[in-house]
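Residue strings, one per chain:
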Amino acid sequence: SFLLNQHYNPAFVSLQMMKHAWDNYKRYAWGLNELKPISKQGHSSNLFGNIQGATIVDALDTLYIMEMKEEFKEAKEWVEKNLDFNVNAEISVFEVNIRFVGGLLSAYYLSGEEVFRKKAVELGEKLLPAFNTPTGIPWALLNIKSGIGRNWPWASGGSSILAEFGTLHLEFIHLSHLSGNPVFAEKVMNIRKVLNRLDKPEGLYPNYLNPSSGQWGQHHVSIGGLGDSFYEYLLKAWLMSDKTDEEGKKMYYDAVQAIETHLIRKSSGGLTYIAEWKGGLLEHKMGHLTCFAGGMFALGADGAPNDKTGHHIELGAEIARTCHESYDRTSMKLGPEAFRFDGGVEAIATRQNEKYYILRPEVIETYMYMWRLTHDPKYRQWGWEAVEALEKHCRVDGGYSGIRDVYNNHESHDDVQQSFFLSETLKYLYLLFSEDDLLPFEHWVFNTEAHPLPVLHKDNGNKEENQK
Ligand code: DMJ
């Protein structure tokens with residue numbers, strides 16, 4: 001493998017990984033949503049209904065940034081000819097927004113190609129009926145042909161999910177910006193209004209909100225699954241507005257204050273972690289998804305009130321260290337889906353059904369932010385450890401696969417190459433090993449699927465478009 005040759009530049013290695021993932025998707029699953037790298041065929045998840053091509057749309061900007069020009073061109077041609085939203089499909093509003101709308105918007109801003117703008121706005125319009133609820137809090141699921149929405153049957157008393165309806169803001173602001181139609185921005189500003197009217201238990205945001213009654217469902221709070229990107233989008237809404245969105249800013253720093261008081265704890269071994277909160281009781285468990293928060297705290301450090309900048313960077317560094325430990329304490333050096341701090345363990349998965357790794361990006365994402373914001377070389381070192389583990393355990397002939405148990409010495413592959421591996425994991429690796437002026441933070445914010453969106457600068461309109 002090319003890893004044996006230490007002279008290879010790590011950014012180049014990430015590019016070779018992208019090539020392997022892309023070439024195999026192209027060979028075995030072209031036009032379908034995802035690749036099954038072991039059985040070498042397409043994989044369809046019901047999140048996208050029968051919208052097709054998730055991997056292509058999710059990968060467009062990574063191909064562009066890595067200057068894989070031929071591949072970008074064939075992806076663009078597929079979008080022009082085949083990407084079709086006039087289908088009878090029940091889709092996840094959140095997933096389609098972050099992967100398809102986000103992917104198309106980034107492809108447009110990077111390349112300037114009109115087809116991406118057109119498709120993004122067309123898809124955005126298809127999502128609008130999801131907001132037809134008594135409160136305007138959108139449904140989780142929507143049939144994009146009939147416009148009929150509903151919620152996940154498992155969600156507390158018919159609730160919508162915080163991390164789903166709270167992760168539309170960045171894309172919808174850009175849809176209004178690019179279409180000249182204010183309706184998209186109005187829909188997401190109304191979500192804020194509903195949230196700001198409600199009482200929050202201990203200043204925390206429950207994961208469940210009923211779109212009909214406008215009342216919270218179960219009082220479960222998480223910075224991982226079901227909550228995560230809601231907090232991320234408060235901060236990034238402020239940054240993307242060129243720091244004019246004072247409401248987003250206040251909501252973010254108030255939320256972080258409550259999270260610090262009620263959810264952040266230190267283990268006896270000295271590891272800082274973010275627990276889950278269930279009606280006032282803590283579950284001492286942290287998800288892989290929660291590891292994105294290290295990068296978020298560091299990214300938000302600069303604007304932190306009351307001289308707390310250094311403290312927020314430190315918090316980011318501590319979360320990065322804890323998440324690195326969750327990788328280092330496995331046999332495969334890849335982190336589990338969730339790890340615990342109870343029953344005598346620290347940063348280790350104890351339940352069999354929490355030992356899997358599905359090519360998720362959050363830990364590498366946090367390394368990338370920490371690297372850019374501190375330039376401590378350990379983050380590149382840790383990123384390189386992840387590259388070695390991915391190559392050793394996840395790379396197969398037919399692409400990259402998730403792993404069922406990272407504590408085992410033998411790989412049991414789950415046979416899915418997730419589209420976010422191409423949009424996020426590989427992009428963040430490439431950025432970690434590139435110079436800071438590639439997609440600089442002053443000009444770009446990343447949506448939760450790692451799709452870069454330009455900061456809307458106060459004075460110069462769209463000048464930042466096409467600025468790489
Ligand atoms: C991605 O779709 C996004 O990062 C989302 O915010 C969380 N889940 C996956 C990656 O783990």
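Residues numbered from 1 in each chain as written. Predicted model: local features only at pLDDT ≥ 70, side-chain atom pairs only at ≥ 80, totals over all residues. Heavy atoms only, no water.

Turning our eyes to something else, we now look at the pattern of salt bridges. Applying the stated criterion to the full structure yields 28 salt bridges. In this structure, the salt-bridge partner of D302 is K243, at a minimum N-O distance of 3.9 Å. Of the two residues, D302 sits in the loop between α11 (292-299) and α12 (309-328) while K243 sits in the loop between α9 (228-240) and α10 (246-262), which places them 59 residues apart along the sequence. Residue classification places K243 among the partly exposed residues on the basis of a relative accessible area of 38%. A salt bridge links E325 to R329, with the nearest nitrogen and oxygen atoms 2.9 Å apart. A relative accessible area of 34% means that R329 is categorised as partly exposed. Among the charged side chains, a network of salt bridges with common partners joins K278, E283, K285, R340 and E354. (Salt bridge = Lys/Arg side-chain N within 4 Å of Asp/Glu carboxyl O. Helix = DSSP H or I, 4+ residues; strand = E, 2+ residues; numbered from the N terminus. Buried < 20%, exposed > 50% of the residue type's maximum accessible area, 1.4 Å probe, protein only.)

Okay, the packing of aromatic side chains next. Tallied over the entire structure, the rule returns 26 aromatic pairs. Measuring from centroid to centroid gives 5.9 Å for W22 and Y25, while their planes differ by 45 degrees, and the two rings are tilted. Taken together, the residues W22 and Y25, both in helix α1 (residues 10-29) and three residues apart, mark about one turn of the helix. In this structure, W22 and Y25 share a single accessibility class: buried. Note on W238 and Y253: the rings are 6.1 Å apart at their centroids and 80 degrees apart in plane angle, and the pair reads as edge-to-face. Separated by 15 residues along the polypeptide, W238 in helix α9 and Y253 in helix α10 bring together distant segments of the chain. Aromatic rings pair up to connect Y205, W216, F230 and Y231 into one cluster. Between the NZ or CZ atom of R372 and the centre of the ring of F441, over which it lies, the distance is 4.9 Å. (Phe/Tyr/Trp six-rings, centres within 6.5 Å; stacked < 30°, edge-to-face > 60°. Lys NZ or Arg CZ within 6 Å of the ring centre and 35° of its normal.)

UniProt feature "binding site: Ca(2+)" (unreviewed entry): in the numbering of this structure it lies at T448. By the element assignment, T448 lies in the loop between β17 (444-446) and β18 (452-454). Among the residues examined, T448 registers a relative accessible area of 14% and is labelled buried. T448 has contacts with F94, I98, T167, S229, E232, Y233 and E424, leaving out every residue within four places of it along the chain. Side-chain polar atoms of T448 contact the side chain of E232, separated by 2.8 Å. (UniProt positions renumbered as here; feature names shortened; annotations may be inferred. Contact = heavy atoms within 4.5 Å. Polar contact = N/O pair within 3.5 Å; in protein donor to acceptor, adjacent residues only side chain to side chain.)

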